[in-house]
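What follows is each chain in one-letter form.
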Amino acid sequence: MTGDLRRELILSAAKQCFARHGFAGTTTKSVATAASISEALLFKHFPTKAALYAEILAEACEADPALHRLLDREPSTETLVILVRGMVRHFLNVSASPDQQEAQRLRLMVSSQLDDGEFARLLYEKIRDLIGRAFTASLEQAIAEGDAERVGRDPLNLFWFAHHTVLMLVLTRFPSVPALSYGGEPDLERQICEFILRGIGLNAAAIALHLDREPVFNAAQTSAAESA
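Bear in mind that the values here come from a model prediction, so they are computed numbers and not experimental data.

Draft legend 1. Representation of the UniProt feature "DNA-binding region" (unreviewed entry) in the protein within the structure. Per the UniProt annotation, the sites labelled "DNA-binding region" (unreviewed entry) are residues 27-46. Structurally, residues 27-46 is divided into 70% helix and 0% strand, and its ends, taken at the C-alpha atoms, are 12 Å apart.

So, in structure tokens, the structure goes:
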């Protein structure tokens, strides 16, 4: 069996284990058993359980057609706004009706950053590779078109600032009794989007032109890549 085929076999077995037992209840030994291989062989492909889980999440992102439609767009101010709005909508939807998978992912992300950071680092790398580059390319194009001013030296930092803003927002709303209640709920999505877009340098005219347009696809469905 080739290495690629073995890797796919391990991922398939791991998906079943994680779906059945969750992250905490799954062990590398149980995944190896499900894949009919030794644990030592599993470690040659995935050194830790966190690495295995992060790879499954990345695979789900790469299979998302909405994400592909977004990433296939030409870098532009409009693409940048669609990306930001999709990220905000996704996190607001998660906080409104969290499911078990989203809850698990968020808790893993937080606990990882309070522990050794391994899972968080792996997931941030996947997010950067999948979405961060599209963000920075569109932001650079917006600057070139006169729709934005440059903020700081590293545009990727601005992506992370935006991501962390909505991540923290959903964490405050995640408990059954929210830790913090925001006012103006009907306008909250637009307010968050405008806050982020202004923060990354877009001017008022560009925001007014693009923010209230509906994209040709549902950007909010690019879920797995934007969560965490």
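Draft legend 2. Quick look at the packing of aromatic side chains. Enumeration over the complete set of coordinates arrives at eight aromatic pairs. When the centroid spacing of 6.2 Å and the interplanar angle of 55° are considered together, the rings of phenylalanine 23 and phenylalanine 119 count as tilted. Residue phenylalanine 23 is found in helix H1 (residues 3-25), and its partner phenylalanine 119 is found in helix H8 (residues 118-144); the two are separated by 96 residues along the sequence. Each member of the pair phenylalanine 23 and phenylalanine 119 is classed as buried.

Draft legend 3. Summary view of the pattern of salt bridges. This structure, assessed with the given rule, holds 10 salt bridges. The salt bridge partner of arginine 7 is glutamate 55, with a shortest N-O separation of 3.6 Å. One end of the pair, arginine 7, is in helix H1; the other, glutamate 55, is in helix H4 (residues 49-62), with 48 residues separating them in the sequence. For glutamate 55, a relative accessible area of 18% corresponds to the buried category. Across the pair arginine 133 and aspartate 129 runs a salt bridge whose closest N-O atoms are separated by 3.4 Å. With arginine 133 and aspartate 129 both in helix H8 and four residues apart, the pair spans about one turn of that helix. Beyond isolated ion pairs, a larger network of salt bridges with shared partners links Arg190, Glu194, Arg198 and Asp212.

Draft legend 4. Main features of the nonpolar core. If you look at the biggest cluster of nonpolar residues, it comprises 66 residues, and the most contacted ones within it are Phe135, Phe159 and Leu202. When residues of this core are assigned to domains, at least three fall in each of domain 1 (3-47) and domain 2 (57-212). Beyond its immediate stretch of four places on either side in the chain, leucine 202 contacts Thr77, Leu80, Val81, Leu139, Asp147, Ala148, Leu197 and Ile207.

Draft legend 5. How the structure looks around the packing of helix H6 (residues 77-96) against helix H10 (residues 188-199). At a minimum axis separation of 10 Å, H6 and H10 run at an interaxial angle of 135°. Relative to H10, H6 is oriented oblique. The chirality of how H6 crosses H10 is right-handed. In this structure, H6 uses Val81, Val84, Arg85, Val88, Arg89 and Leu92 to contact H10, whose residues at the interface are Leu188, Glu189, Ile192, Cys193, Ile196 and Leu197.

Criteria and cut-off values
Residues numbered from 1 in each chain as written. Predicted model: local features only at pLDDT ≥ 70, side-chain atom pairs only at ≥ 80, totals over all residues. Heavy atoms only, no water. UniProt positions renumbered as here; feature names shortened; annotations may be inferred. Helix = DSSP H or I, 4+ residues; strand = E, 2+ residues; numbered from the N terminus. Phe/Tyr/Trp six-rings, centres within 6.5 Å; stacked < 30°, edge-to-face > 60°. Buried < 20%, exposed > 50% of the residue type's maximum accessible area, 1.4 Å probe, protein only. Salt bridge = Lys/Arg side-chain N within 4 Å of Asp/Glu carboxyl O. Core = buried A, V, L, I, M, F, W, Y, C linked by side-chain atoms within 4.5 Å. Domains from an automatic or database assignment. Contact = heavy atoms within 4.5 Å. Axes fitted to C-alpha atoms, helices over the stretch in contact; angles between N-to-C directions. Parallel < 35°, antiparallel > 145°, perpendicular 65-115°, else oblique. Left-handed = near helix turned anticlockwise from the far one by under 90°.

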